[in-house]
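# Structural overview for review
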Amino acid sequence: MMDSAHYLEWQIVLEETFFNLDWAGQPVILYVDDDEAVAIQNEWGLETSLIEAVRQVVRLNSAKPYWVVEELIRAHGRQDAAPPVLPLLACAVIAATRMANDGVRRATNYHYHFSTMLAGQAGILTSAHYEVLVGMWEALAEWQLSWGTSRGLCTIPMRGYLPVNQSRIGYALSQAVLRDSDRQLLPRLFETLRQRGNGAWPQPGSVVASAALLWDQYDRFSRDFRLAVEDEATRPVVERLLDQFASTWDGSPALDRNGVPTADLTVRFENRELTWLVRVPRQDADRYDLPDGVRLHRIANTEYYEVRGLPAPDGGSLRTDICLVGETLALRRPPSPLVLLTENEALDCLSSVDRIAPNSDYMILAAPEAARDVEAVLNRAAAPGRAKAAGRLAWVPAGWTLHHGVRFDDAMTLRQAIRGVRGHLLAAAPAPRFRSTLEGGLRLAPELGRHLYLVGGEPELVVADRRPSDGARETEVEILLDRARLVLAPADDGWVAPVPLHDRGLPTGRHVVTVEDAELMFDTAEGAPDVVEPANVVGFPAANGYPMVVAAGKPVLRGAVLTEVQGSTARQADGSPDIALCRRGAQETRFVSADGRVWQIGEPAVPAWWSRLGPSSSVPTWFEVTVPVGGGWILQLREDVWRAEPVQPAEPEVPAPSGKRIWVQTVLGAADGSKDPRWQSYVRLAEALDGETTK
């Protein structure tokens, strides 16, 4: 899709602008208006405007005008990158800002602006086409939440929390109410409220919104924000945004990002000792140096780093804002009177998390000011079996309370309990559910089907969160299980209890669950077929031997070594071709030979059978490349940084005149791709040749 090139350029730029690691731990809002779009274009030097780049992928004559973007989403295989929806959703936000400028927040007015922006006239892109964008907003939210707080805190609302008349456009409206100038005013308002409440913090978003209306600096907020606060239809969305900003405010006078990737400082518990732990999701160094002599050292081949030079956690440091900004990494932990410790499978220890997840085991440390709230939530929502530590333990901070064996089986009861006490536990509430899913159950042979379950071991239906009930019957949830109709009533806070499916006597075969606009399918069977093991196998009993039939279980070599590949010019000593492995997901892959030539390498499509091998994984995958000539280097552009990998590189030769310029530009462009002296010899030759051409 050549016409998607400019769209994908904007995708990279918008992800780097709004969802990079600099925003770790802070609420992120995809605020883009016409002026902001121009500023981003100029900052990054993009040739094509945002709106024009999106117009190039919108098919106005199709019944599905956004099918190109949908195809890009389906082809999107990088778990570390956001789904390619950002440019289209940014245009949706621009339409919301234009509507706000009109002062008329009606859906018809929104679609007028959206259609005239991307189609050139009203009535072409209507609300009937807009439903697909709802799924894109939800996909973006799920991706951001999968990173914890590393990509910022998600502010995209859940579908059920949107007003009925804004069930589709409300996502864009929620991102169009807070400009950066509004963000910078919030700490002043927060400090005013905290002083008025004698230090009680955080306050609910409803209190913050009401206080904003009475604040003597209210007129300094943008017109967009003031209209949203004063409009009854959008007020709940604004209150939820303010809830998130208030619960994550660390008392600093500004809400700024650090300018470098930010990692979360967490607590580790092992061998009856509390220590600091850092997770860097996209680590590229074994060590980081930070101010005040603090150093991070990677723990084996994991994403985690131990912290040296920082005093161990205690009652004071846990309730103090910690922020260390180095040259390549920033470290931050907001103050909190709570430490939620749960199993860390990668390190086989306990480490702290921000949110409580149902059906997980926790050990909870609570400071004196939070002890009563924690006790109230545990008494109401925790499963039996928890215990409160008796007596003083040496590793527990002085005055703090320890609860261990804590487990919450019912997410709905937990959310209600936290809502009842508010305070410090608000930020620890379970993450929102944006889509209905099937969870749990007894799976049969995942290699045969990801949704194949044993009869009697069917999963639970977990329904997406909804807007808190106001007593109206339309808050009921209708579910169709095959052809049976179920009606569920959500609790006051919008949570619907998980629906067990194992006790409904379902027969073997395919089953379909329809809940609102989601359709979920799963299969049941009495068991998986037994695999018949062969009695004999064919292979090579020894290297350089002849193939023969041997009894199963005996050592044998199976496979072959290729000695001739038609059309290949690269050969090893035994005549077989050189094969290089290239990691998938690179922006660009090239091969630079020692004799002065350059090849562009295309990444092959993922085989159709790959998805059938099991659930997707964040582990990187690779593809094979037959090296076109003798030695050289594989160059891959990842996240706008070139990396060079050797493939039996020989000493570089002066390129032929016809290819000299391309070879020189390619090598110099990736000069920092490797510190390997062999690669640096290529760089030195390219610099010398470049100097000759400029004389």
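Scroll up a little and you will see the structure.
Before going into details, it helps to say that this report is about the structure given with it. The model shown is predicted, which means the values in this text are computed figures rather than measured ones.

## Remarks on the overall build of the chain
Helices and strands together make up the secondary structure of the chain, namely 16 helices and 30 strands. Put simply, of all contacts in the chain between residues at least 6 apart along the chain, 64% involve residues at least 24 apart. Surface accessibility of the chain: about 34,600 Å² in total, with carbon and sulfur atoms responsible for 50%.

## Observations concerning the side chain of Ser115
Mapped onto the elements of the fold, Ser115 is located in helix H6 (residues 107–119). Here Gln121 takes part through its backbone oxygen, which lies 2.7 Å from a polar atom of the side chain of Ser115. The residues contacting Ser115, other than those within four sequence positions of it, are Gly120, Gln121, Ala122, Gly123, Ile124 and Leu125.

## Details of the pairing of strand S6 (residues 295–298)
One ladder, built from 3 bridges, connects strand S5 (residues 287–289) with S6; its direction is antiparallel. Along S6, the bridge assignment pairs Arg287 with His297. The turn joining S5 and S6, which pair antiparallel and follow one another in sequence, is formed by 5 residues; a positive phi near 65° is taken by Asp292. Between S6 and strand S7 (residues 304–308), which pair antiparallel in sequence order, lie 5 residues; one of them, Ala300, sits at a positive phi of approximately 50°.

## Here we look at unusual backbone geometry
Positive phi, normally seen in glycine, also occurs at Asp292, with a value near 65°. Residue placement: Asp292 occurs in the loop between S5 and S6. For Asp292, a relative accessible area of 69% translates into the label exposed.

## Examining the pattern of salt bridges
Evaluation of the coordinates by the stated rule reveals 20 salt bridges. Taking the shortest distance from any N to any O, the salt bridge between Arg287 and Asp289 comes out at 2.9 Å. The partner of Arg308 in a salt bridge is Glu306, and the shortest N-O contact between them spans 2.7 Å. Taking relative accessible area as the criterion, Arg308 reaches 35% and is therefore assigned partly exposed. Residue Glu306 is classed as partly exposed on the basis of its relative accessible area of 30%. Ionic contacts of the salt-bridge type, sharing partners, join the residues Asp361, Arg407 and Asp409 into one network.

## Looking at the sheet that holds strand S16 (residues 452–454)
Across the sheet, which stays open at both edges, the 5 strands sit in the order S16-S22-S21-S18-S19 with mixed pairing between neighbours. Where the open sheet ends on each side, the last strands, each with one partner, are S16 and strand S19 (484–488). On average, adjacent strands in this sheet sit at an angle of 30° to one another, irrespective of strand direction. Pairing between strand S18 (residues 477–481) and S19: 5 bridges, direction antiparallel. Its bridge partner lying in S19, Leu481 is registered against Ala484.

## Brief notes about the packing of helix H9 (residues 180–196) against helix H12 (residues 235–248)
H12 packs onto H9 with a crossing angle of 65° between their chain directions and a minimal axis gap of 11 Å. In terms of their interaxial angle, H9 and H12 are classed as roughly perpendicular. Our pair here, H9 against H12, has a crossing hand that is right-handed. The residues of H12 that touch H9, namely those facing Arg183, Leu186 and Phe190, are Leu242, Phe245 and Ala246. A breakdown of the residues in the contact of H9 with H12 according to their chemical character gives 5 nonpolar, no polar and 1 charged.

Rules of the game
- Residues numbered from 1 in each chain as written.
- Predicted model: local features only at pLDDT ≥ 70, side-chain atom pairs only at ≥ 80, totals over all residues.
- Heavy atoms only, no water.
- Helix = DSSP H or I, 4+ residues; strand = E, 2+ residues; numbered from the N terminus.
- Contact = heavy atoms within 4.5 Å.
- Areas by Shrake-Rupley, 256 points an atom, 1.4 Å probe, with all protein chains shown as cover.
- Polar contact = N/O pair within 3.5 Å; in protein donor to acceptor, adjacent residues only side chain to side chain.
- Pairing = 2+ DSSP bridges.
- Buried < 20%, exposed > 50% of the residue type's maximum accessible area, 1.4 Å probe, protein only.
- Salt bridge = Lys/Arg side-chain N within 4 Å of Asp/Glu carboxyl O.
- Axes fitted to C-alpha atoms, helices over the stretch in contact; angles between N-to-C directions.
- Parallel < 35°, antiparallel > 145°, perpendicular 65-115°, else oblique.
- Left-handed = near helix turned anticlockwise from the far one by under 90°.
- Nonpolar A, V, L, I, M, F, W, Y, C, P; charged D, E, K, R; others polar.

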